[in-house]
Amino acid sequence: MSGNVPVLTIDGPSGAGKGTVSRALAKKLGWHFLDSGAIYRSLAVAVVQAGVDLHDIEAVVHVARSMDLQFDANDSPRILLNGQDITHRIQTEDCGNTASQIAGHGPVRAALLQKQRDFRREPGLVADGRDMGTVVFPDAPYKIFLTAGAEVRANRRYKQLKEKGADVTLDRLTKEIEERDRRDKERAEAPLMVPNSAIVVDSSNLTIDQVIARCLDVIGGR
Ligand code: DC
């Protein structure tokens, strides 16, 4: 039964390092990996492609239910939306912001719930997101809330995007991150919050390796 499969949830705001840390942990543990943000981002692409108004909840839910999403998990994972490779497309700030907007609607979140729970398979799952420990896997035995100061997160994201050649300014990015944090925290449905019994890790002054070591402590050095 999937309920017996261990899950490590890693929730937190954007830019806290969840993606890098969760992927590394999944690899170390030999567990599956769920990037739930990628599901919301893929839906954002599908909605834009379908020409649907972001505020038309019924139409967005319809797109969420009918989209065919495939995660090609290997060393360079790919995401296919209805057979089309959208791996790079979902990485832009614009896509993250659109994802954050549609993620505010309860029926949209409900339509994506089972797709996320399906990732819970033997021998275990590392789940990265905003509501992994609160809503999607509330019974997870291991929960982490990974955070960092807004300025630190904006700087990290700026570096990442610049390395990819994106046209961004630190100032605009800081504002966008603050706006996205606010929206993700203040929404009525599954807001970003520290799950009950989660261990809070502040990565502001830690290296990735230190964060990984701290997370491994949480799950008892498995
Ligand atoms: O983690 P990310 O930046 O890829 O997520 C993009 C947006 O998707 C995020 O701002 C809010 C939404 N999201 C969510 O509401 N719930 C999740 N579990 C993951 C992401």
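Residues numbered from 1 in each chain as written. Predicted model: local features only at pLDDT ≥ 70, side-chain atom pairs only at ≥ 80, totals over all residues. Heavy atoms only, no water.

## Considerations on unusual backbone geometry
Here the bond from Glu122 into Pro123 is cis, since omega is 5°, no more than 30 degrees from zero. When you line up the elements, Pro123 lands in the loop between α5 (106-117) and β6 (125-129). With a phi angle near 45°, Asn82 is a residue other than glycine that sits in the positive phi range. Looking at the element boundaries, Asn82 is found in the loop between β4 (78-81) and β5 (84-85). Not every positive phi belongs to a glycine, and Ala190 is a case in point at roughly 45°. Structurally, the position occupied by Ala190 is in the loop between α8 (170-186) and β8 (199-202). (Helix = DSSP H or I, 4+ residues; strand = E, 2+ residues; numbered from the N terminus.)

## What about the site of the ligand?
In the neighbourhood of the ligand, 17 residues make up the surrounding shell, with Arg41, Arg109, Arg130, Arg180 and Arg187 lying closest. Here an oxygen atom of the ligand and a side-chain polar atom of Arg180 are 2.8 Å apart. The side chain of Asp184 places a nitrogen or oxygen atom 2.9 Å from an oxygen atom of the ligand. Relative to its unbound accessible area of 440 Å², the ligand is 94% covered by the protein chains. Among the secondary structure elements, those contributing two or more residues to the shell around the ligand are α2 (36-50), α4 (93-102) and α8. Counting residues per element, the shell around the ligand draws most heavily on α2, which supplies four residues. Of the residues in the shell around the ligand, the class split is four nonpolar, five polar and eight charged. (Near = heavy atom within 4 Å. Polar contact = N/O pair within 3.5 Å; in protein donor to acceptor, adjacent residues only side chain to side chain. Areas by Shrake-Rupley, 256 points an atom, 1.4 Å probe, with all protein chains shown as cover. Nonpolar A, V, L, I, M, F, W, Y, C, P; charged D, E, K, R; others polar.)

## What about the pairing of strand β1 (residues 7-11)?
Along any regular strand the residues' side chains alternate between the sheet's two faces. Taken across its five residues, β1 has five buried, putting it largely inside the fold. With burial as the criterion, each face of β1 is covered, one bearing Val7, Thr9 and Asp11 and the other bearing Leu8 and Ile10. (Buried < 20%, exposed > 50% of the residue type's maximum accessible area, 1.4 Å probe, protein only.)

## Some words on the pairing of strand β7 (residues 142-147)
Most of β7 sits inside the fold, with six of its six residues counted as buried. Along β7, one buried face is formed by Tyr142, Ile144 and Leu146 and the opposite face, lined by Lys143, Phe145 and Thr147, is buried too. Of the pairings in the sheet, the one linking β1 to β7 comprises four bridges and is parallel in character. Along β7, the bridge assignment pairs Leu8 with Tyr142. Of the strand pairs in this sheet, β7 and β8 are connected by four bridges, and their pairing is parallel. (Pairing = 2+ DSSP bridges.)

## Considerations on α8
With 17 residues, α8 extends 24 Å between its outermost C-alpha atoms, agreeing within 8% with the 24 Å of an ideal straight helix rising 1.5 Å per residue. All of the buried residues in α8 are Leu173, Glu176, Ile177, Arg180, Asp181 and Asp184. Viewed end-on, α8 has its buried residues packed into an arc of 135°, placing them on one side of the element. For α8, the exposed residues set more than 90 degrees away from the buried face come down to Asp171, Lys175 and Glu186. Tucked inside the fold, the buried residues of α8 contact α2, α4 and α7 (150-163). (Expected span 1.5 Å × (residues − 1). Arc of directions from axis to C-beta. Contact = heavy atoms within 4.5 Å.)

## Things to note about the side chain of Arg180
Of note, Arg180 is situated in helix α8. The class for Arg180 is buried, based on a relative accessible area of 5%. Setting aside anything within four residues of it in sequence, one finds Arg180 in contact with Ser14, Arg41, Glu93, Gly96, Asn97, Ser100 and Arg130.

## Examining the sheet that holds β4
One open sheet holds the three strands; their spatial order is β3-β4-β5, and the pairing between them is antiparallel. Strands at the two margins of the open sheet, each flanked by one partner only, are β3 (69-72) and β5. Each of β3, β4 and β5 is contacted by α2, which is oriented at about 35° to β4, the strand it contacts most. (Axes fitted to C-alpha atoms, helices over the stretch in contact; angles between N-to-C directions.)

## Focus: the packing of aromatic side chains
In total, this model carries one aromatic pair according to the counting rule given. Their ring planes at 85° and their centres at 5.4 Å tell us that Phe71 and Phe119 sit as a pair that is edge-to-face. With Phe71 in strand β3 and Phe119 in the loop between α5 and β6, this residue pair connects regions lying 48 residues apart in the sequence. A relative accessible area of 30% means that Phe71 is categorised as partly exposed. (Phe/Tyr/Trp six-rings, centres within 6.5 Å; stacked < 30°, edge-to-face > 60°.)

Worth remembering: the numbers are spatial, not functional.
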